[in-house]
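Analysis of the macromolecular model
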Amino acid sequence: MAFDYATTGLPDKKEWRAAAEICHAWLTENMSMFGPERIARFMDHQPVTAAKLIMENCGDWSEESVTLALLGPAKEAVLAKDSAFSDRAKDLFDAMLEKREPDAAMQRDMTRLFLVEGLSTMNDQMINRKRIDAHHQTRWKILRGFETKFATVKGENPALDKIFEATLKDSRATLQALDNAASKKKPSL
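My aim in this report is to walk through the structure given alongside it, one point at a time. Because the structure is predicted, anything quoted here is derived from the model rather than measured.

Quick word on the state of the cysteines
For the coordinates displayed, the defined rule picks out zero disulfides. For Cys23, which is in no disulfide, the shortest distance to another cysteine sulfur is to Cys58 and amounts to 20 Å.

Brief notes about the nonpolar core
Residues Leu70, Met122 and Phe164 are the most contacted members of the largest nonpolar core, which totals 47 residues. Secondary-structure elements contributing two or more residues to this core are helix H1 (14-30), helix H2 (35-57), helix H3 (63-71), helix H4 (87-96), helix H5 (104-125), helix H6 (136-153) and helix H7 (158-185). Look past the residues within four positions of Leu70 in its chain and what remains in contact with it is Tyr5, Leu10, Trp16, Ala19, Ala20, Cys23, Pro47, Val48 and Ala51.

Observations concerning the pattern of salt bridges
Scanning the entire structure with this criterion turns up 15 salt bridges. In this structure, Arg17 and Glu21 form a salt bridge, with 4.0 Å as the shortest nitrogen-oxygen distance. Residue Arg17 and its partner Glu21 are located together in helix H1, separated by four residues, close to a single helical turn. Judged by relative accessible area, Glu21 falls into the partly exposed class, the value being 44%. Salt bridges linked by common partners bring Asp60, Arg108, Asp109 and Arg112 together as one network.

Observations concerning the packing of aromatic side chains
Evaluated as defined, the whole model comprises five aromatic pairs. Measuring from centroid to centroid gives 5.8 Å for Trp16 and Trp61, while their planes differ by 50 degrees, and the two rings are tilted. Of this pair, Trp16 sits in helix H1 while Trp61 sits in the loop between H2 and H3, and the two are 45 residues apart along the sequence. Among the residues examined, Trp61 registers a relative accessible area of 28% and is labelled partly exposed.

Some remarks on the side chain of Glu64
On the secondary structure map, Glu64 appears in helix H3. Apart from residues no more than four positions distant in its own chain, Glu64 is found in contact with Arg88, Ala89, Leu92 and Asp109.

Looking at the environment of Phe150
In this structure, Phe150 sits in helix H6. For the pair Phe150 and Gly118, spaced 32 residues apart in sequence, the C-alpha separation works out to 9.8 Å. In this view, Phe150 contacts Phe114, Leu115, Asp161, Phe164, Glu165 and Leu168; residues no more than four positions away in its chain are not counted.

Reading the values: the criteria
- Residues numbered from 1 in each chain as written.
- Predicted model: local features only at pLDDT ≥ 70, side-chain atom pairs only at ≥ 80, totals over all residues.
- Heavy atoms only, no water.
- Disulfide = S-S within 2.5 Å.
- Core = buried A, V, L, I, M, F, W, Y, C linked by side-chain atoms within 4.5 Å.
- Buried < 20%, exposed > 50% of the residue type's maximum accessible area, 1.4 Å probe, protein only.
- Helix = DSSP H or I, 4+ residues; strand = E, 2+ residues; numbered from the N terminus.
- Contact = heavy atoms within 4.5 Å.
- Salt bridge = Lys/Arg side-chain N within 4 Å of Asp/Glu carboxyl O.
- Phe/Tyr/Trp six-rings, centres within 6.5 Å; stacked < 30°, edge-to-face > 60°.

This is the structure in structure tokens:
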């Protein structure tokens, strides 16, 4: 099974299709060890889901926020010299990199991207983990960072906030359950 933008349910917009294809190519080049099927699932569960979450939960979503969501880990492609992306998408990414001062709309989009990308991370890396691995403490650090930042943006996107808050709770419960199980296994002296 290979990734096919036509099956995502997203509108057939040139810039969005390009963003998804660039993300897919980046994943294929940098994450080839997972194979085409897992990369296709990642595309559907991460950037495509992030884009849909913005569109479904934010009545005033912007096209550039969907573009950047679809670029996933390949966002730097918007800065490419001959990029097919809009100046507004480039400006939004520059604001995310703190290379420019965001206007109110960019700030709103940056918050939404934080929320949907955080949801992707928690669903992929935290919720329903079955064991502690070498990255367990890093996951705790990421979760605490999400909790801290969420406290500063909560209330700006009520529909996304509700989803994010529930996912934070589930992530914390999963990581804590792993810690609790590990502490029970330690021999007492």
